[in-house]
Amino acid sequence: MAMNSSVSEFILFGLTQDPRKQKAIFGVFLIFYLATLLGNFLIVVTIKRSRTLGSPMYFFLFYLSFADACFSTTTAPRLIVDALSQQKTISYNECMTQVFAVHFFGCMEIFVLILMAFDRYVAICKPLRYTTIMNRHVCSVLVILGWVGSCIHSSAQIFLALRLPFCGPNVIDHYFCDLQPLLKLACMDTYVINLLVVSNSGAICTVSFTILLISYVIILYSLRNHSAEGRRKALSTCTSHFIVVVLFFGPCIFIYTRPATTFPVDKVVAVFYTIGTPLLNPMIYTLRNTEVKIAMKKLWCSKV
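These numbers come from a predicted model, not from an experiment.

Participant: Lay out the side chain of E109 in plain terms, naming residues and giving numbers.
Facilitator: Along the chain, E109 falls in helix 3 (residues 92–125). Excluding residues that lie within four positions of it along the chain, E109 makes contacts with L64, A67, D68, F71, F248, T277 and N281.

Rendered as structure tokens:
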């Protein structure tokens, strides 16, 4: 419990107050969430059990799917349950935990996407040294650094959130706890804290997106010297990575790089990256990847 807060619980406004729309939200997002869990679970198990998917690309994809399942779980179950319940309350501690979890797994996803781009860069631009540069030890260290980075980022967010004093209004105009909607309820001048949010979350989103864009431009540029077949394969992989990157970072940058204003459309935009991306990632990565499809067929058909 914060030292300077008289509010012990918040009310999550959700996406809408219309009962008919809420039933629709319940149905649609329940299906989305179950599909997300199933898709990511299939990828995680397939990569873990399959002997053919041992390369760094799949090592990172394993962690991307894991982060996706967790990231979706931080917001979706609450949204689904709240769509049917009359009392949409969330305790102060739960709210703060959600701020931490959303940022932790969201940030992890960003770092894994960067690692995947780096992996493709080395594979395409330095093919002869690929196995020495991207050995298992290096990959493990990179993933651990990703977890540590995410932890630092979400700790910074929670540090800011815990310092906010709340003294009256407690209706959060959102379907999960995040710093932006909480700043609107705080009874203090939030200008400085908002600058910190923009410089933390906003910078991570924008800088990461820029790094990813540059890396894909370099990859495309270096493909000129490859054979037609090699070019086609690399382009297919990079295209699917790029679709994921745009779907995730577009909404993130829109929400986290603005001064202290929240738009009604923010909630809808947030749906894209909190629920849309974790659902689409497994589809994009499996449907566009022959190796994963073959490995899945082998593994699951032999089981059945």
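Picking up where we left off.
Participant: Which residues make up the UniProt feature "transmembrane region" (unreviewed entry) in the protein chain, and what values do they have?
Facilitator: According to UniProt, the feature "transmembrane region" (unreviewed entry) maps to residues 24–45, 57–80, 100–118, 138–160, 201–223, 235–256 and 268–287 in the numbering used here. In residues 100–118, the share of helix is 100% and the share of strand is 0%. The end C-alpha atoms are 27 Å apart. Taken end to end, residues 235–256 is 100% helix and 0% strand, and its first and last C-alpha atoms sit 30 Å apart.

Participant: Which residues make up the state of the cysteines, and what values do they have?
Facilitator: Counted under the stated rule, the structure contains 2 disulfides. One disulfide bridge connects C95 with C177, the sulfur atoms lying 2.0 Å from each other. Residues C95 and C177 are joined through a disulfide that is left-handed, its torsion about the S-S bond being -115°. Placement of C95 in helix 3 and of C177 in the loop between strand 3 (171–172) and helix 6 (179–185) is noted, with a sequence separation of 82 residues between them. Put simply, C167 and C187 are joined by a disulfide, and their sulfur atoms are 2.1 Å apart. One end of the pair, C167, is in the loop between helix 5 (136–162) and strand 3; the other, C187, is in the loop between helix 6 and helix 7 (191–222), with 20 residues separating them in the sequence. Looking at C167, the relative accessible area reads 49%, which means it is partly exposed. According to the relative accessible area criterion, C187 is partly exposed, its value standing at 35%. Taking only the cysteines that form disulfides and numbering them from first to last, the protein chain has the pattern 1-3, 2-4. Take C238: it sits in no disulfide, and the sulfur closest to it among the cysteines is that of C125, at 9.0 Å.

Thresholds applied
Residues numbered from 1 in each chain as written. Predicted model: local features only at pLDDT ≥ 70, side-chain atom pairs only at ≥ 80, totals over all residues. Heavy atoms only, no water. Helix = DSSP H or I, 4+ residues; strand = E, 2+ residues; numbered from the N terminus. Contact = heavy atoms within 4.5 Å. UniProt positions renumbered as here; feature names shortened; annotations may be inferred. Disulfide = S-S within 2.5 Å. Buried < 20%, exposed > 50% of the residue type's maximum accessible area, 1.4 Å probe, protein only.

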